[in-house]
Amino acid sequence: MAATEDITESRLLLAEYDRIKEEQKARIGFRDNLLYVTLAASTAALAITVQNRHAQVLLAVPVICLVLGWTYLVNDEKISAIARYIRDQMGPRLAELSDARGAVFGWEVYHRGDASRTTRKRLQTAVDLFTYLALPMTCVIAFWCSRAVQPLLLIVSIAQMLALAVLGWQFLRYAER
């Protein structure tokens, strides 16, 4: 019976907080590395295109950016969801249980009040859109301007442009203000 008496809602919340912050930290590292992987893979595809003069290889860049961009976006959304959960659910509940006078997990709220935050978020969205949207769209347009255009590849490239537009819309939709 003594072991169950040691388990309190406050302790459970603090244990959950530790685990969820670990998940958030891992997701942030993974998300941030996706940007570098995307740039490296896209650069490799561009180098192969230039070396071999095969414009069809340009169509690999949208695939790379779609797959990695969607993964980036999903992780970014989960990172934000974790922060909202801590801020809106865990913090108030723990404050209530502990009779705390101030905000619990204050950093989750404090860092959002930075005067430059909005500018940083807009610049990050611009970088994300350039990396995952403008770069692959430029590759598709370059493909269209090449002599390698064939009916099947044209259909594929149009489908890629539509998918990229959806991805761009999702980036704008989930851009945190």
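Up top is the structure.
Here the structure is a predicted model, which is why all the values come from computation and not from measurement.

### So, the environment of Glu22
Logical step 1: Secondary-structure assignment places Glu22 in helix H2 (residues 9-52).
Logical step 2: Considered as a pair, Glu22 and Val63 are 41 residues apart in the sequence and their alpha carbons are 31 Å apart.

### Some details on the nonpolar core
Logical step 1: Core analysis: the largest hydrophobic core is formed by 25 residues, its most contacted members being Val61, Tyr132, Phe143, Leu167 and Phe171.
Logical step 2: Secondary-structure elements contributing two or more residues to this core are H2, helix H3 (60-98), helix H5 (117-144) and helix H6 (151-174).
Logical step 3: The next biggest cluster of nonpolar side chains, apart from the first, holds 8 residues, and it includes Leu13, Ile82, Ile86 and Phe105.

### A word on the packing of aromatic side chains
Logical step 1: By the definition in use, this model includes 4 aromatic pairs.
Logical step 2: Considering the side-chain rings of Tyr72 and Tyr132, the 5.3 Å spacing of their centres and the 40° angle between planes classify their relative orientation as tilted. On the criterion of sequence distance, the pair formed by Tyr72 in helix H3 and Tyr132 in helix H5 is long-range, its members being 60 residues apart. Each member of the pair, Tyr72 as well as Tyr132, is classed as buried.
Logical step 3: Cluster of aromatic residues (ring-pair linked, three or more members): Tyr72, Tyr132 and Phe171.

Criteria and cut-off values
Residues numbered from 1 in each chain as written. Predicted model: local features only at pLDDT ≥ 70, side-chain atom pairs only at ≥ 80, totals over all residues. Heavy atoms only, no water. Helix = DSSP H or I, 4+ residues; strand = E, 2+ residues; numbered from the N terminus. Core = buried A, V, L, I, M, F, W, Y, C linked by side-chain atoms within 4.5 Å. Buried < 20%, exposed > 50% of the residue type's maximum accessible area, 1.4 Å probe, protein only. Phe/Tyr/Trp six-rings, centres within 6.5 Å; stacked < 30°, edge-to-face > 60°.

These results come straight from atomic positions and should not be treated as a statement about function.
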